[in-house]
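Observations on the three-dimensional arrangement
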Amino acid sequence: MTRRVVRAWVWLHRWSSLICTLFALLLCLTGLPLIFKDELGPDLKLAATTAPPGSASVDSMIARVLAARPGEVVPYLFYDREHPILKVPTAASMTADPASFHYQVFDTRTGLQIEIPQPNEGFLYVMTRLHLDLFGGVPGTLFLGFMGLLLVVAIVSGVVLYGPFTRRLAFGVVRTDGSRWRTWLDLHNLLGIVTLAWFGVVSFTGVINTLAAPIELAWQANQLVEMAAQAKPAEIEGQRASTDAVLRDVRAAVPGMNVMTVAFPGTPFATPSHVAIFLTGNTPITSRILKPALADASTGQVVSVRDMPWYATALFMSQPLHFGDYGGLPLKIIWALLDIATIVVLISGLYLWWAKRPQRGADAEAGSPAS
Amino acid sequence: MSALRRQWLWPIVLAAATVFGLLAALIGEGGVWRTLSWGALAVPLVTIAVGLARMRRGPLAAAEASSDRHR
C-alpha cells in the first residue's frame, strides 16, 4: 500500500469513527444491560400447575382487561418465547402508538392475572428506547441506523489499516516501552482485530434491525394486501369470531408452530375485516421467523397462510445475531465481555485522535505505517 | 511462512472462530452446539486476556514475542 492510499484510509477511518463514536458508545453502553433483559426483568412468580400452556380462555382474559380499562380497545396479543404468559395491551384506538399501551399479563395455563410493572417504564425501558430510537420514533431509529452504517465503514477501514500499522509487530504485542500513545495504539489494534468479526456482525445486524419500520411497511403494502385478497371477507354485520376459536383454527391449520402475536382488525398488521396471527417454530432459527396467517374476523376461518418475504426473513435472522439471546446465559456473558472490549476500542480510538490532534502531519511516531 | 501470512493468520483464525461460534448456537439445535459456540467465542476473549497479561509482564516479554522487531 502506498503512503497516499494509507492516508486516504486513515482519513476515512478517522472521520467515519469520529462522527459515529458518541452514538456508538451510547449504543454499546445502553446495550450492555439489554443483553440481560430477561434476567433483569420482573419476576413472573409463575404458579406450579399441570395445565398445558394455552389452555386458559383468551376471550375471558380480554373481557377482564377491557372491564379494567373501560373505553379502551385491545389491538394485539403478545405471547412470550420463553414463558407461558400472554401480554394483553389496551389503547385508546387500534392504531395508537405502542408506547402508549397499557399491559395486563396472564398465565396462559391457568388464566390468572400476573402483577408485573408496565413494560414501558423503568430503567430497562429507558435503556431500550435510548438504544432503539433515542426516544425519537422511526426517524430516531433510522438516524441510529445511519450511525451504525458509519460504524461498519469505520470497522472495515480499521481492518484495512491494521495491515500497515502492525506490519512490524508480532500478533497481539502491546508495546509498553514507548510513548503512552503507542501503547494505546497497540491496544486499540489488538482489541479491534480480536473483536472484529463480532463487532462487525453486531453492527451490521443492528443496521438491518433499524430497517424494521420500512420492512413492515413493505410487507403491509404488498404481502398483507395479497393475502387478504385471497378470500372475500364474510363481513357479517356485528358478528365477531371468538379469539379462542380463531386460535384453535389457526393451530390446526399450521401444526407444529406457536402463536407469537395476534393483530386484531383495524391495526396496521391486520386488515379491517381480518385477524392476523403470527406464528413461529421451535428451533433457535425458526423461533425468530414469523409466519403470518389471516383469519376472517366474522367467521374465524383461516383464509391464508404464507411465509414472509426474503427481506422480512433477513430482519428476523438479524435479530438473534444482534441480541445474543439464543445460546443461554454463557452466550450473554460472552456478549457482554465482547461489548466491553469494543467500548475500550471506541474510547481508545477517541484518545488516539485527541492526543495526536495538535501535532498531526508530523507523525514520526514509531506506530505510524511504513510506506 | 511469508510476512503477510504471519500477520494475518491470527486475525483470520479469530474471525473464523467467531463466525463459527455465532452460527453454531443459531443453526445447531442446542446440545453440543451450544457448548461449541461458547468455546469458539471464548477464543477472542482468551486472546485479549493473553495479550493483556503479556503486556503487564513488561517490554521484555513483548520484545521476545516480536523477534523481528526493528528498534
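Residues numbered from 1 in each chain as written. Chains lettered and ligands numbered in written order. Predicted model: local features only at pLDDT ≥ 70, side-chain atom pairs only at ≥ 80, totals over all residues. Heavy atoms only, no water.

**Re the overall build of chain B**
When you go through chain B residue by residue, the secondary structure sums to three helices and zero strands. Helices and strands in chain B line up, N terminus first, as α-α-α. A buried classification covers 35% of the 71 residues belonging to chain B. As displayed, chain B offers around 4300 Å² of accessible surface, 68% of which is attributable to carbon and sulfur atoms. (Helix = DSSP H or I, 4+ residues; strand = E, 2+ residues; numbered from the N terminus. Buried < 20%, exposed > 50% of the residue type's maximum accessible area, 1.4 Å probe, protein only. Areas by Shrake-Rupley, 256 points an atom, 1.4 Å probe, with all protein chains shown as cover.)

**Things to note about the overall build of chain A**
On a plain count of helices and strands, chain A comes out with eleven helices and eight strands. Taken along its principal axes, the extent of the C-alpha atoms in chain A is 80 × 45 × 35 Å. The 371 residues of chain A split such that 47% are buried. Considering only intrachain contacts with a sequence separation of at least 6, the fraction spanning at least 24 residues in chain A is 63%. Carbon and sulfur atoms provide 64% of the accessible area of chain A, an area that totals close to 17200 Å². Of the charged side chains in chain A, 28 are positive and 26 negative, and the gap between their average positions amounts to 14 Å. (Contact = heavy atoms within 4.5 Å. Lys, Arg positive; Asp, Glu negative; His and termini not counted. Charge placed at Lys NZ, Arg CZ, Asp CG, Glu CD.)

**Examining the interface of chain A and chain B**
Contacts between the two partners involve 42 residues from chain A, matched on the other side by 36 residues from chain B. Taking both partners together, chain A and chain B bury about 3300 Å²; carbon and sulfur atoms supply 75% of that area. The largest per-residue losses of area from chain A upon contact with chain B belong to Phe171(A), Val194(A) and Tyr326(A), which jointly make up 17% of the total buried on that side. Inspection of the region where chain A meets chain B yields zero salt bridges. Those elements that provide at least two residues to the side of chain A that touches chain B are helix H5 (137–165), helix H6 (180–194), helix H7 (196–209), helix H10 (310–323) and helix H11 (328–356) of chain A. (Buried area = accessible area lost by both parts, 1.4 Å probe. Salt bridge = Lys/Arg side-chain N within 4 Å of Asp/Glu carboxyl O.)

**What about the environment of Leu22(B)?**
By the element assignment, Leu22(B) lies in helix H1 (residues 3–27). When residues no more than four places from it in sequence are discounted, the contact partners of Leu22(B) are Trp198(A), Val201(A), Leu321(A), Tyr326(A), Trp335(A) and Leu41(B).

**Describing the confidence of the model for chain B**
Residues and elements named next belong to chain B. Per-residue pLDDT for chain B averages 83, and the proportion of residues at 70 or more is 79%. This stretch, residues 67–71, has a pLDDT under 50; its non-local contacts, to residues over four places away or in other chains, come to ten contacts. Both confidence scores are given for the complex: pTM 0.88, ipTM 0.86. (pLDDT = per-residue confidence, 0-100.)

**A closer look at a nonpolar patch on the surface**
Residues and elements named next belong to chain A. A contiguous nonpolar surface patch, about 480 Å² in accessible area, is contributed by Trp184, Leu329, Ile333, Leu337, Ile340 and Val344. The element best represented in the nonpolar patch is H11, accounting for five residues. Here Leu337 is to be found in helix H11. (Patch = residues over 30% accessible without salt bridge, like charges linked within 9 Å, V, L, I, M, F, W, Y side chains within 5 Å.)

**What to know about the packing of aromatic side chains**
The full count for this structure, using the stated rule, is 17 aromatic pairs over all chains. Look at Tyr76(A) and Phe78(A): their rings are 5.6 Å apart centre to centre, the planes differ by 25°, and that puts the pair in the stacked class. The partly exposed category is assigned to Phe78(A), whose relative accessible area is 23%. When the centroid spacing of 5.4 Å and the interplanar angle of 65° are considered together, the rings of Tyr162(A) and Trp8(B) count as edge-to-face. With Tyr162(A) in helix H5 and Trp8(B) in helix H1, this pair bridges two chains. (Phe/Tyr/Trp six-rings, centres within 6.5 Å; stacked < 30°, edge-to-face > 60°.)

**A few points about the environment of Leu41(B)**
Inspection of the secondary structure assignment puts Leu41(B) in helix H2 (residues 32–56). Along the chain, Leu41(B) and Gly31(B) lie ten residues apart, while their C-alpha atoms are 16 Å from each other. The residues contacting Leu41(B), other than those within four sequence positions of it, are Leu331(A), Ile334(A), Thr18(B), Gly21(B) and Leu22(B).

**Observations regarding unusual backbone geometry**
All names here are of chain A. Unusually for a residue other than glycine, Lys45 sits at a positive phi of about 50°. Within the secondary structure, Lys45 sits in the loop between helix H2 (37–40) and helix H3 (58–68). Exposure remark for Lys45: the relative accessible area of 63% places this residue in the exposed category. The phi angle at Leu134 is positive, at roughly 55°, despite the residue not being glycine. Within the secondary structure, Leu134 sits in the loop between helix H4 (123–132) and H5. For Leu134, a relative accessible area of 29% gives the class partly exposed.

**Quick notes on the sheet that holds strand E2 (residues 85–90) of chain A**
All names here are of chain A. Across the sheet, which stays open at both edges, the eight strands sit in the order E4-E3-E2-E1-E5-E6-E7-E8 with antiparallel pairing between neighbours. Strand pairing shows two members of the sheet lacking a second neighbour, strand E4 (113–114) and strand E8 (302–305), which therefore form its edges. As paired elements, strand E1 (residues 76–79) and E2 share two bridges and run antiparallel to each other. The partner of Tyr79 across the bridge, within E2, is Leu86. Its contacts with the sheet place helix H8 (residues 212–228) against strand E6 (274–280), strand E7 (291–296) and E8, and it is angled at close to 45° to E7. Along the sheet, helix H9 (residues 243–253) contacts E1, strand E5 (258–263), E6, E7 and E8; its crossing angle with E5, the most-contacted strand, is approximately 135°. (Pairing = 2+ DSSP bridges. Axes fitted to C-alpha atoms, helices over the stretch in contact; angles between N-to-C directions.)

**Things to note about the packing of H8(A) against H10(A)**
Residue and element names in this part refer to chain A. Contact geometry of H8 with H10 gives a least axis separation of 10 Å together with a crossing angle of 145°. Both H8 and H10 take part in a crossing whose hand is left-handed. Note on element contacts: H10 touches H8 through Tyr311, Ala312 and Leu315, opposite Ala212, Ile215, Ala218, Trp219, Asn222 and Gln223. Here the residues of the contact of H8 with H10 are counted per class, giving seven nonpolar, two polar and no charged. (Left-handed = near helix turned anticlockwise from the far one by under 90°. Nonpolar A, V, L, I, M, F, W, Y, C, P; charged D, E, K, R; others polar.)

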